[in-house]
Amino acid sequence: AAPYPGGAPVQSASRQRVSPVVLAVIVAVVFVGVALGSFVLANSMRTPEAEVQRYLDYLAQGKASAATEMVDPGIPNSERVFLTDEVMASASSLMRVEEVVDRNPDSDAQTHIVDATVLVDGIRFTFPFEVSEVKPTLGVIKNWKIRNALMTPVAVRIKGVSTFSVGGVSAPVSDYDSFPFTSPTYLFYPGVYEVNAADLGEYIDAEPATLRATREEYLYGADPLTNVTIETSYSQSLRAAAVEAMAAQTTSCATPPGNLDTVCPFGLQRTDLTVLEVKQMPTEAKEWADSTSEFHDYAFFKVQQGAGTPIYTLKSTVYATLKFDEKGKVVVDSAGKPQFWLRYEVE
């Protein structure tokens, strides 16, 4: 081959080196483009709806602690004792998220209302979340904060019992005779829970009740209080104690000077009785339909008012009314026996 003029080959343009400055500019442009693309992608994923969905996912999974950390309930500690992972783990079912919709997704407003439709034990309701824009990350990546937690206010009433429990957590019951202004009340995350009377003792029986923590009336602008009532009944031990109290008082009323006690039938409150005996003791604690804390039975006395006068039978109804303290608990003596108010009515 013929030699190149000047004795050396000339390099093609394609093989010339790129200037370091140009390379730096290209790299910078690419980096900025990637960064901007990343920010755009990040912002497209960080929306009010996405924030609400994340919160609802925690609740649907029973992660109460994570949900509470994400959205503070804004209530006293005494009212949030049931907002725990343990309580939610005890639920027979939790909520299912059906739809999350921003009412105005294209708005540049700093506050959005996001409607979440959820299902709890077949009950569907829509809850409106208020979501506000907060300080962005790196000045450009949007952040959102939910302002209202999804909870259900609950009051639990149990007559004659002072404490209830859910998922191993106990708390005082609400005032049984105060409705609807009931205190204390508690907050629950959505779900279906079993509520139990916690301090029944020997004399009260009770079956658990079901709490469905939903917001079914919220669509109508209400924030209703869910009331749970556990029905109680008196145990056989208490009925036996009532019979024992009635029998003891009947024996006392037939034994001078106990017969002079004002609780005894008026016809026995005399000092001239020549015969005073118990003819038939009360043996059963019966209840009236309209009074679940008062028991009764019959007591018969054989009486003679002076020698030579006819001996007759005095029939009376003896009543034993259960005593309660200021907290609604059954009053017991030092031996743990329930106490009663006793009275007689002569027929």
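Residues numbered from 1 in each chain as written. Predicted model: local features only at pLDDT ≥ 70, side-chain atom pairs only at ≥ 80, totals over all residues. Heavy atoms only, no water.

**Q** Is there a simple way to think about the overall build of the chain in this case?
**A** For the chain, the count of helices and strands is 5 helices and 19 strands. Out of the 347 residues in the chain, the part that is buried amounts to 39%. For the chain, the accessible surface area stands at approximately 19,600 Å², while carbon and sulfur atoms represent 54% of it. (Helix = DSSP H or I, 4+ residues; strand = E, 2+ residues; numbered from the N terminus. Buried < 20%, exposed > 50% of the residue type's maximum accessible area, 1.4 Å probe, protein only. Areas by Shrake-Rupley, 256 points an atom, 1.4 Å probe, with all protein chains shown as cover.)

**Q** Sorry, what's going on with the environment of threonine 262 here?
**A** When you line up the elements, threonine 262 lands in the loop between helix 5 (236–253) and strand 15 (275–280). It is 9.7 Å that separates the C-alpha atoms of threonine 262 and tyrosine 344, two residues lying 82 residues apart in sequence.

**Q** Just checking my understanding: could you explain the packing of aromatic side chains for this structure?
**A** How two aromatic rings sit relative to each other is given by the distance of their centres and the angle of their planes. Under the defined criterion, the tally for this structure stands at 10 aromatic pairs. Taken together, a centroid distance of 5.7 Å and an interplanar angle of 65° make the contact between tyrosine 234 and phenylalanine 295 edge-to-face. Linking tyrosine 234 in strand 14 (residues 232–234) with phenylalanine 295 in strand 17 (residues 291–304), this pair joins segments that are 61 residues apart in sequence. Taking the relative accessible area as the measure of exposure, tyrosine 234 reaches 12% and is therefore buried. Judged by its relative accessible area of 0%, phenylalanine 295 falls in the buried class. Judged by centre distance (6.5 Å) and plane angle (75°), the rings of phenylalanine 295 and phenylalanine 340 are edge-to-face. With phenylalanine 295 in strand 17 and phenylalanine 340 in strand 19 (residues 340–346), the pair connects residues that are 45 residues apart, well separated along the chain. For phenylalanine 340, a relative accessible area of 9% gives the class buried. Its guanidinium or amino end placed over the ring of tyrosine 298, lysine 315 lies 4.9 Å from that ring's centre, counting from NZ or CZ. (Phe/Tyr/Trp six-rings, centres within 6.5 Å; stacked < 30°, edge-to-face > 60°. Lys NZ or Arg CZ within 6 Å of the ring centre and 35° of its normal.)

**Q** So what exactly am I meant to see when it comes to the state of the cysteines here?
**A** Put plainly, a disulfide is one covalent bond tying together the sulfur atoms of two cysteines. Under the criterion given, the structure shown has 1 disulfide. Through a disulfide, cysteine 253 is tied to cysteine 264; the S-S separation comes to 2.0 Å. One disulfide, between cysteine 253 and cysteine 264, carries an S-S torsion of -90° and so falls in the left-handed class. Of this pair, cysteine 253 sits in helix 5 while cysteine 264 sits in the loop between helix 5 and strand 15, and the two are 11 residues apart along the sequence. For cysteine 253, a relative accessible area of 0% translates into the label buried. Taking the relative accessible area as the measure of exposure, cysteine 264 reaches 4% and is therefore buried. (Disulfide = S-S within 2.5 Å.)

**Q** Before we go on, may I ask you to explain helix 2 (residues 48–60) in this structure?
**A** Side chains that are three or four residues apart share a direction in an α-helix, a result of its 3.6 residues per turn. Spanning 13 residues, helix 2 covers 18 Å between terminal C-alpha atoms, matching the ideal 18 Å at 1.5 Å per step. For helix 2, every residue scored as buried is listed here: Pro48, Glu51, Val52, Tyr55, Leu56 and Leu59. Angularly, the buried residues of helix 2 cover 130° about the axis, an arc narrow enough to put them on a single face. Phi for glycine 62, located one or two positions after helix 2, is positive at around 75°. (Expected span 1.5 Å × (residues − 1). Arc of directions from axis to C-beta.)

**Q** Would you take a moment to explain the pairing of strand 3 (residues 111–120) for this structure?
**A** Consecutive side chains of a regular strand alternate in pointing toward one face of the sheet and then the other. Across the 10 residues of strand 3, 8 count as buried, placing the element largely inside the fold. As defined by bridge partners, strand 2 (residues 96–102) adjoins strand 3 across 6 bridges and the pair is classed as antiparallel. If you follow valine 97 over to strand 3, its bridge partner there is valine 118. With antiparallel pairing between neighbouring strands as the criterion, strand 3 and strand 4 (residues 123–137) make up a hairpin whose turn holds 2 residues, including aspartate 121 at a positive phi of roughly 55°. (Pairing = 2+ DSSP bridges.)

**Q** Got a minute to help me understand the sheet that holds strand 6 (residues 152–158) in this structure?
**A** Neighbouring strands of a sheet are bound in pairs by backbone hydrogen bonds; such pairs are parallel or else antiparallel. Sheet architecture is open: 3 strands sit in the order 9-6-13, paired in mixed fashion. Here the strands that pair on one side only, and so sit at the sheet edges, are strand 9 (186–188) and strand 13 (226–230). With strand direction ignored, the average angle separating the axes of adjacent strands in the sheet is 40°. Both strand 6 and strand 9 contribute to a ladder of 3 bridges, which runs antiparallel. In the sheet register, proline 153 faces strand 9, and the bridge partner there is leucine 187. (Axes fitted to C-alpha atoms, helices over the stretch in contact; angles between N-to-C directions.)

**Q** I keep staring at the sheet that holds strand 5 (residues 141–146) and nothing clicks. Help me out?
**A** The strand order across the open sheet built from 4 strands is 2-3-4-5, with neighbouring strands paired in antiparallel fashion. Looking along the sheet, the strands with just one partner apiece sit at the ends: strand 2 and strand 5. Each neighbouring strand pair of the sheet contributes to a mean axis angle of 35°, computed without reference to strand direction. Each of strand 2, strand 3, strand 4 and strand 5 is contacted by helix 2, which is oriented at about 160° to strand 2, the strand it contacts most. (Contact = heavy atoms within 4.5 Å.)

**Q** Looking at this structure, I do not really get the nonpolar core. What am I missing?
**A** Soluble, globular proteins show a tendency: their nonpolar side chains are buried together. Grouped together as the largest cluster of nonpolar side chains are 79 residues, with contacts concentrated most on Tyr55, Phe129, Phe164, Phe188, Tyr189 and Tyr193. Ranked by residues supplied to this core, first place goes to helix 5 with 7 residues. If sequence neighbours within four positions are ignored, phenylalanine 188 has contacts with Phe82, Leu83, Val87, Met151, Thr152, Val154, Val166, Tyr193, Leu211 and Ala213. (Core = buried A, V, L, I, M, F, W, Y, C linked by side-chain atoms within 4.5 Å.)

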